[in-house]
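Examination of the molecular architecture
Now for the letters of each chain:
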Amino acid sequence: METRRMSRERIPVLDLSREVRELKPRILQAVEGVLDKGVFIMGEQVKRLEQECAAELDAAYAVALNSGTDALMIALLAAGIGPGDEVITTPFTFFATAEAISRAGAEPVFVDVDPDTFNLDLVQLERAITPRTKAVIPVHLFGQTADMKGLMEIAEACGLLVIEDAAQAFGAEHLGRKAGTIGHMGCFSFFPSKNLGAYGDGGLLVTNDADLAEKARMLRAHGSRIKYYNEMIGFNSRLDEMQAAILRVKLPYTAEWNERRRRAASLYNKLLGDIPELQCPAEAIGMKHVYHQYTLRVKKGRRDGLQAALEEAGISTAVYYPVPVHRLPVYAALKMSLPVAEQLANEVLSLPIGPYLDTETQLFIAGNIAEYFR
């Protein structure tokens, strides 16, 4: 494998420049169309994006919002989750998942994760259910769904609502069903780095429940169905027409981009799978992983050294996530230990990934990793 520097340019974790170059004419045309029409909020582009995302995901309803965080918050409030309620979720994810629960006035209950998939451990989840538990938010981390079949069986037996945090998993599948459509609601982020990303913030809530969809639409527009006739306390959480137009250009490419990510992950697995200090990502049976991140476990305390060596070689990497959510200062009062999540925080390292990552670059990255361990 190649270990020489291929160029003076750094290798980023995600390179959006080629995507922008290839789509720029279509993006500019879409943006000009919005400018020419002169409608910038809640216009035809948002409506059509919702229809197209619902069709792509095989969901009855899609509600476009201004962020994935708002999607989680609005999902909780649409379901009536609030003070006195407990919501079970994972500690090994971005803070927004727990933040939304706390903002809704409910109490996040953290349970540990599976050491191979990094997703919720269902045995731990089942033990954590109390009479106050009203919902579960599984996070489909790094592009692979949680064990939704097992989770839904537990939820149905206990009468729990399931809100899927699918922010990193647009297009992922579990037993042939799309992430975000298996539970009662699914929440997506259109942050620029996501598999389907806007060129700004954006989010989406999907559901097959007409009542929940209607409440979500009201909550995004200050709690109103009709302007100036507010029926509940809501938010200003509308996706703007510019971002909707850009997302509509990108949506048809997402399935192919996900397949390219999968091929890149397969090559990484082949190149790195025999290094004893590494654990490559595992695609669980029945899953279709879309590799929002390609995340290794680097064992024997060697993660930081490897990251430094790759940095020296001009290869950017990232640690998602260096501190489990239950260990963040905001939840310090919990004083709990979740050993798998805590160990993962010291071992995970995400390599460059994306639909435009070429084989030569992967060989260079893998060569430097192999050289470090030699």
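Residues numbered from 1 in each chain as written. Predicted model: local features only at pLDDT ≥ 70, side-chain atom pairs only at ≥ 80, totals over all residues. Heavy atoms only, no water.

Cis geometry marks the peptide bond from Tyr320 to Tyr321; its omega dihedral reads 15°. Looking at where Tyr321 falls in the secondary structure, it is placed in the loop between helix H10 (303-312) and helix H11 (339-347). Backbone geometry at Leu175 places phi at a positive 50°, although glycine is not the residue there. Within the secondary structure, Leu175 sits in the loop between strand E6 (173-174) and strand E7 (177-178). Positive phi values are uncommon outside glycine, yet Tyr228 reaches one of about 75°. (Helix = DSSP H or I, 4+ residues; strand = E, 2+ residues; numbered from the N terminus.)

What follows deals with the sheet that holds strand E14 (residues 294-298). An order of E12-E14-E15 is seen for the three strands of this open sheet, with the pairing classed as antiparallel. Whereas interior strands pair on both sides, the edge strands pair on one side only; in this sheet they are strand E12 (278-279) and strand E15 (348-351). As defined by bridge partners, E12 adjoins E14 across two bridges and the pair is classed as antiparallel. Along E14, the bridge assignment pairs Leu278 with Val298. (Pairing = 2+ DSSP bridges.)

A volume near 520 Å³ is recorded for the largest pocket. If you trace the largest pocket, you find 27 residues lining it, with Phe94, Gln168, Ser189, Phe191 and Lys194 closest to the centre. Counting only elements with at least two residues in the lining of the largest pocket, the list comes to helix H3 (68-78) and helix H4 (96-103). Per-element accounting of the lining of the largest pocket gives the leading share, three residues, to H3. (1 Å grid on protein atoms, 1.4 Å probe; cavity = no way out; pocket = protein on both sides within 12 Å on 5 of 7 lines; lining within 4 Å. Points joined across faces, edges and corners; volume = space filled by probe spheres on them.)

For any two helices packed against each other, the geometry is given by the interaxial angle and the distance between the axes. In contact at an axis separation of 9 Å, H3 and helix H7 (residues 210-220) are set at 125° when each is read in the N-to-C sense. Considering their axes alone, H3 and H7 lie oblique with respect to each other. Here the hand of the crossing between H3 and H7 comes out right-handed. Note on element contacts: H7 touches H3 through Leu212, Lys215, Ala216, Leu219 and Arg220, opposite Ile74, Leu77 and Ala78. Looking at side-chain class alone, the contact of H3 with H7 contains six nonpolar, no polar and two charged residues. (Axes fitted to C-alpha atoms, helices over the stretch in contact; angles between N-to-C directions. Parallel < 35°, antiparallel > 145°, perpendicular 65-115°, else oblique. Left-handed = near helix turned anticlockwise from the far one by under 90°. Contact = heavy atoms within 4.5 Å. Nonpolar A, V, L, I, M, F, W, Y, C, P; charged D, E, K, R; others polar.)

Bringing the packing of aromatic side chains into the picture now. Within the structure shown, the criterion is met by twelve aromatic pairs. On the basis of an interplanar angle of 55° and a centroid distance of 6.2 Å, the ring pair of Phe95 and Tyr331 is categorised as tilted. With Phe95 in the loop between strand E2 (86-89) and H4 and Tyr331 in the loop between H10 and H11, this residue pair connects regions lying 236 residues apart in the sequence. Judged by its relative accessible area of 26%, Phe95 falls in the partly exposed class. Three or more aromatic residues link up through ring pairs in this structure, and these residues are Phe92, Phe118, Phe142, Tyr320 and Tyr321. (Phe/Tyr/Trp six-rings, centres within 6.5 Å; stacked < 30°, edge-to-face > 60°. Buried < 20%, exposed > 50% of the residue type's maximum accessible area, 1.4 Å probe, protein only.)

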